[in-house]
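Spelled out from the first residue to the last, the chains are:
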Amino acid sequence: MTREKSSYAVQTVEKALDILETLTDESRHATLPYLAEKLDLSRNKAFRLLATLESKGLVERDETSGVYRLGISSVELAQRLLNSTSLIRHAHPIMEKLARKHDEAVYIAVLKGDEVLFLDMVDCEQAIKTAPLVGRRFPFFSNAAGKAIRALESTDLLDRFLKKRGRNGGSFDPAVLQQELKAVRERGVAVDFDGLGEGIVSVAVAVRDYAGKVIGALTLLGPSFRMMASRMENEIIPSLREGAEILSMKFGYAKL
């Protein structure tokens, strides 16, 4: 007799993972009553799950407000997982140099389906800076990283995506996006304004492997008042291009 894979799932484990996932997005109001209601649990069961996670250091509770947040063990576990990937291992030193040089946040991002996932980050020391995006996903057309990656994919894949979005309705103009991606292909760099939030500018250059396949994008983010056109053209874009070329070479890519 065959069974669906989901029938083997342990509900208690699923709920514990649901708690951790919820805390990654909503930690400001994550009290016991809030979590119990959101995850459709009794307060008693939610408390027991939280107590178990807390004993393992995966969550922490603020004694004053009663708000739960991810614990240090969750952060360490996530970091070990991230560091195990070769892309992040090779990219991080390059990101550190770029972040120090320009004093802006630098990311490595990859495409997952039609979304961009921000994998790793080196932050800047500016007083005013963008909120961390590690672990978050965004539609590829909303940011420079997604456009830098998508622009270099086959036109057939892009055409199919645009047709699908056109049938389902989309938040962008396909013709405008096509022209934008064409410009990205020609320049080798993508620049996006406000796609990740009002006043946020993202700049990205694609990273390739030995076969020429795009495997990610080096991305720099900053507030618009610091991202002047002259600074981007003369300082940031040349640095990102150089960094992406060095990183691509680590994966065996040889520019013709």
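Refer to the structure printed above.
Remember, it's a predicted structure, so these values are computed and weren't measured experimentally.

Draft legend 1. A look at the packing of aromatic side chains. Applying the stated criterion to the full structure yields three aromatic pairs. Relative to Phe118, the ring of Tyr107 has its centre 5.2 Å away and its plane inclined at 80°; by these criteria the two rings are edge-to-face. Of the two residues, Tyr107 sits in strand β3 (residues 105–112) while Phe118 sits in strand β4 (residues 115–122), which places them 11 residues apart along the sequence. Here Tyr107 and Phe118 have matching classes, each one buried. Between Phe140 and Phe141, the ring centres sit 5.7 Å apart and the planes meet at 80°, which makes this aromatic pair edge-to-face.

Draft legend 2. A look at helix α8 (residues 174–187). Spanning 14 residues, α8 covers 20 Å between terminal C-alpha atoms, matching the ideal 20 Å at 1.5 Å per step. Of the residues making up α8, those classed as buried are Leu177, Leu181 and Val184. The buried side chains of α8 occupy one side of the element, clustering within an arc of 55° when seen end-on. Exposed residues pointing more than 90 degrees away from the buried face of α8 are listed as Ala175, Gln179 and Glu186. Looking one or two residues past α8, Gly188 carries a phi angle of roughly 80°, positive in sign.

Draft legend 3. Structural view of the pairing of strand β8 (residues 214–223). The buried fraction of β8 is high, at nine of 10 residues. Here five bridges tie β3 to β8, and the two strands are oriented antiparallel to one another. Note that in β8 the partner of Val106 across the bridge is Leu220. Bridge count between strand β7 (residues 200–208) and β8: nine bridges; the pairing is antiparallel. If you follow Val201 over to β8, its bridge partner there is Gly222. Between β7 and β8, which pair antiparallel and follow one another directly, the connecting turn spans five residues, one of which, Gly212, has a positive phi of 85°.

Reading the values: the criteria
Throughout, residues of each chain are indexed from 1 in the direction in which the sequence is written. With the structure being a predicted model, the display of local features is reserved for residues of pLDDT at least 70 and the display and counting of side-chain atom pairs for 80 or more, all residues being used for whole-chain, interface and lining totals. Only heavy atoms go into the side-chain values, all of them from the structure, while hydrogens and water stay out. Side-chain rings of Phe, Tyr and Trp, where Trp is taken by its six-membered ring, are said to pair if the distance between their centres is within 6.5 Å; with planes under 30 degrees apart they count as stacked, over 60 as edge-to-face, and otherwise as tilted. By definition, any uninterrupted DSSP run of H or I lasting at least four residues is a helix, any uninterrupted run of E lasting at least two residues is a strand, and each is numbered from the N terminus. Think of it in three bands: with a 1.4 Å probe and only protein chains considered, a residue is buried below 20% of the maximum accessible area for its type, exposed above 50%, and partly exposed in between. In this analysis, the expected span of each helix is defined as 1.5 Å times one less than the number of residues it contains. This arc is built from the directions going out from the helix axis to the C-beta atoms. At least two DSSP bridges between two strands are needed for those strands to be called paired.

Nothing here speaks to function; it is geometry throughout.
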